[in-house]
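A look at the structure
Given next are the chains, with one letter for each unit.
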Amino acid sequence: MIHALAVVVPARDEEELLADCLDALCRAARHPRVRDLPCRVIVVADACRDATAAIARGHGAQLLELTAGNVGAARAAGSRHALDTALSARPGLTPDSVWLAHTDADSRVPADWLAHQVTHAACGWEAVVGTVRVADWSGHPDRTATAFRLRYQQEEQADGHRHVHGANLAVRADAYRAAGGFQPLRVGEDRALVGALEAAGFRVKRTSRSPVTTSARRDPRARGGFGDFLRDLDALIG
């Protein structure tokens, strides 16, 4: 049974979008199904040169500051801090009762995001892998949104989907540890973790419910990630 929640948010120069991300997480933590659970939000400000850290503090988030410039290392540091803090704050708490949720600083989770995950955890799933959607296609060709939806749907299957997004990912802390945690990869750290969880035999729930709204910006922070996928799609249809 889950007794504590933590959300890890890696951020690199995200002063424009972080506040909306944290506001959405606050709403999710107040959902009736999870509002009685302690919930910590950890922002990992990685190689930031703007007001990211100040915004995180102003919203009451716990703050870690790194100079790694590596999203995998940032997620790993945040996860380690989240679990250590949860265990030290409540004697007797064990990793199998701590839920580590992950999103991105340029993304907004829906109000039922944490509640949806905890419901799956109560059914025995050790991890939840969700989907994303884009609300604002500004700066992209008119046909990119349609092309994205068609390509995204191609990976939908009867038993779930095959997408993996760090913006919509959660795992029980004992499973996270057993699978080796996030690797210090500049891109693909989310897929590597999910692959390790599945290889180790943990139950991974893939669901399209509670999608996270993410940015379609053309200046992505991680090369080779979702932003570059959209830029490649622009080029393909252009």
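Up top is the structure these notes are about.
The paragraphs below set out a description of the structure included in this document. Here the residue numbering is sequential within each chain, running from 1 through the sequence in written order. Where totals are concerned, whole chains, interfaces and linings use all residues; where local detail is concerned, this predicted model gives features only for residues with pLDDT of at least 70, and gives and counts side-chain atom pairs only at 80 or more. Side-chain metrics in this entry use all non-hydrogen atoms of the structure; hydrogen atoms and water are not considered.

**Some points on the sheet that holds strand S6 (residues 127–129)**
Backbone hydrogen bonds hold the strands of a sheet together, and the pairing may be parallel or antiparallel. Counted only if it meets this: At least two DSSP bridges between two strands are needed for those strands to be called paired. We count a stretch as a helix when DSSP gives it H or I for four or more residues in a row; a strand needs E for two or more, and each element gets its number in order from the N terminus. With axes taken as lines fitted to C-alpha atoms, and helix axes fitted only over the stretch in contact, angles between N-to-C directions fall between 0 and 180 degrees. The contact definition used throughout considers only heavy atoms, calling two residues in contact when any of these lie within 4.5 Å.
Spatially, seven strands are ordered S3-S2-S1-S4-S10-S6-S11 in an open sheet, and the strand pairing comes out mixed. This sheet does not close on itself; its edge strands, each paired only once, are strand S3 (62–66) and strand S11 (204–206). Sheet twist, expressed as the average angle between the axes of neighbouring strands with direction ignored, equals 20°. Judged from the three bridges that link them, S6 and S11 form a sheet pairing that is parallel. When the sheet's bridge partners are listed, Ala127 is paired in S11 with Val204. In the packing of helix H4 (residues 113–122) onto the sheet, the strands contacted are strand S1 (4–11), strand S2 (39–46), strand S4 (98–102), S6, strand S10 (169–172) and S11, and the crossing angle to S4 comes to about 135°.

**Some words on the side chain of Thr85**
The criterion, for reference: Here the term buried applies to any residue with accessible area under 20% of the maximum for its type, exposed to any over 50%, and partly exposed to those in between, with areas from a 1.4 Å probe on protein chains only.
Tracing the sequence through the fold places Thr85 in helix H3 (residues 71–89). The buried category is assigned to Thr85, whose relative accessible area is 18%.

**A word on the side chain of Asp190**
Secondary-structure assignment places Asp190 in helix H7 (residues 189–199). In this view, Asp190 contacts Val164, His165, Gly166, Leu169 and Phe182; residues no more than four positions away in its chain are not counted.

**Some points on the environment of Ala45**
Here Ala45 is to be found in strand S2. Classification of Ala45 by relative accessible area gives buried; the value is 2%. With 22 residues separating them along the chain, Ala45 and Thr67 place their C-alpha atoms 8.3 Å apart. Excluding its chain neighbours within four sequence positions, the residues that come into contact with Ala45 are Ala11, Thr52, Leu63, Leu64, Glu65 and Leu66.

**What to know about unusual backbone geometry**
At Asp13, a position not held by glycine, the phi torsion is positive, near 50°. Considering the arrangement of structural elements, one finds Asp13 in the loop between S1 and helix H1 (18–29). The backbone of Ser210 shows a phi angle near 55°, a positive value even though the residue is not glycine. Mapped onto the elements, Ser210 comes out in the loop between S11 and strand S12 (212–214). A relative accessible area of 10% means that Ser210 is categorised as buried.

**Here we look at the packing of aromatic side chains**
One pair of aromatic rings is described through two measures. These are the centre distance and the angle between the planes. Which entries qualify depends on this criterion: A pair of Phe, Tyr and Trp rings is counted when the ring centres sit within 6.5 Å of each other, with Trp represented by its six-membered ring. The angle between the planes then sorts it: under 30 degrees is stacked, over 60 is edge-to-face, the rest tilted. We call a charge positioned above a ring when the Lys NZ or Arg CZ atom is no farther than 6 Å from the ring centre and deviates by at most 35 degrees from the ring normal.
This model, assessed by the stated rule, comprises one aromatic pair. The ring of Trp125 carries the charged tip of Arg203 above its face, separated from the ring centre by 4.0 Å.

**A few points about the pattern of salt bridges**
For side chains of opposite charge, pairing can occur when their charged atoms come near one another. Worth spelling out the cut-off: We define a salt bridge as a side-chain nitrogen of Lys or Arg found within 4 Å of a carboxyl oxygen belonging to Asp or Glu.
All told, the structure shown has seven salt bridges when counted by the stated rule. The partner of Glu189 in a salt bridge is Arg75, and the shortest N-O contact between them spans 2.8 Å. Separated by 114 residues along the polypeptide, Glu189 in helix H7 and Arg75 in helix H3 bring together distant segments of the chain. Across the pair, Arg75 and Glu189 agree in class, each one buried.

**Let's talk about the sheet that holds strand S5 (residues 107–108)**
The three strands lie next to each other as S5-S12-S7, forming an open sheet whose pairing is mixed. In this open sheet, the two strands that pair with only one neighbour each are S5 and strand S7 (132–134). For S7 and S12, the ladder comprises three bridges, and the chain directions are parallel. By the bridge assignment for S12, Val132 is matched with Val212.

**Some remarks on H1**
The α-helix winds at 3.6 residues per turn, so residues separated by three or four positions along the chain end up facing the same way. Short version of the rule: To estimate the expected span of a helix, count its residues, drop one, and scale the result by 1.5 Å. Taking the helix axis as origin, the arc is that swept by the directions to the C-beta atoms.
Helix length check: H1, at 12 residues, gives a terminal C-alpha distance of 17 Å against a target of 16 Å (1.5 Å per residue), a fit within 8%. Within H1, burial applies to Leu18, Cys21, Leu22, Ala24, Leu25 and Ala28. Viewed along the axis of H1, the buried residues span an arc of 160°, placing them on a single side of the element. Among the structural elements, S1, S2, helix H2 (52–58), S5 and H4 are those in contact with the buried residues of H1.

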